[in-house]
Amino acid sequence: MQIQDASITRLTERIGEHYRTNISNRFIRPVLLQLPFDNQSWDLIEDLTERANQGIHLDELYRQIVAAAHFVAVVRRELIPGLRNRIGRGDASSQDRVLRDMAVNNFASNLQVFADLVNELFIKLVEADKADSKGHVPLYVQMPELTNIGRLLVGG
């Protein structure tokens, strides 16, 4: 099933914009790249956050959501507790120092916004999946990796 819903496309655009601005910005990205995360997962996150998902297949979006949910869980566990210590203090202009401190201070809440947006996308996709499955088993039920998405995104 291809996703053609404009609200889903707008939501994926919001996810991408938020990710690029608040999660993978120039201050945080070098530390993110040190996380124990495989290349395929990074590619899926990039697909979710860098490209418009108009006309993409539902299974692809589900895989992207799985990667994003695992990313959120790993970042919460591995990065947030020591983020301030892992970001280089380096020689930065006062403006860069202020922006870096803002990025670090707001990172946990920005990660939560990202997780909430991805969860909202997942819910919309499941609704579209159910509506389209007429008499068939919806795709999300057939993908066992989707069973704990909510827990990963909510942090439980």
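Residues numbered from 1 in each chain as written. Predicted model: local features only at pLDDT ≥ 70, side-chain atom pairs only at ≥ 80, totals over all residues. Heavy atoms only, no water.

Next up on the list: the overall build of the chain. A tally of helices and strands in the chain yields nine helices and zero strands. Listing the helices and strands of the chain from first to last along the sequence gives α-α-α-α-α-α-α-α-α. Computed over its C-alpha atoms, the radius of gyration of the chain comes to 17 Å, within 12% of the 15 Å expected for a compact globule of 156 residues. With 156 residues in all, the chain has 43% of them scored as buried. For the chain, the proportion of contacts with a sequence separation of at least 24, taken over those separated by at least 6, is 81%. Of the roughly 8,300 Å² that the chain leaves accessible, carbon and sulfur atoms contribute 50%. (Helix = DSSP H or I, 4+ residues; strand = E, 2+ residues; numbered from the N terminus. Rg over C-alpha atoms; globule rule 2.2 N^0.38 Å. Buried < 20%, exposed > 50% of the residue type's maximum accessible area, 1.4 Å probe, protein only. Contact = heavy atoms within 4.5 Å. Areas by Shrake-Rupley, 256 points an atom, 1.4 Å probe, with all protein chains shown as cover.)

Let us now look at the packing of helix α1 (residues 6-23) against helix α3 (residues 39-50). The packing of two helices is summarised by the inter-axis angle and the distance between the axes. Between α1 and α3, the least distance of the axes is 7 Å, while the angle of their chain directions is 115°. Between α1 and α3, the interaxial angle falls into the category roughly perpendicular. Packed against α1, whose contacting residues are Thr12, Ile15, Gly16, Tyr19 and Arg20, the element α3 presents Trp42, Ile45, Leu48, Thr49 and Glu50 at the interface. Residues belonging to the contact of α1 with α3 are distributed by class as follows: five nonpolar, three polar and two charged. (Axes fitted to C-alpha atoms, helices over the stretch in contact; angles between N-to-C directions. Parallel < 35°, antiparallel > 145°, perpendicular 65-115°, else oblique. Nonpolar A, V, L, I, M, F, W, Y, C, P; charged D, E, K, R; others polar.)

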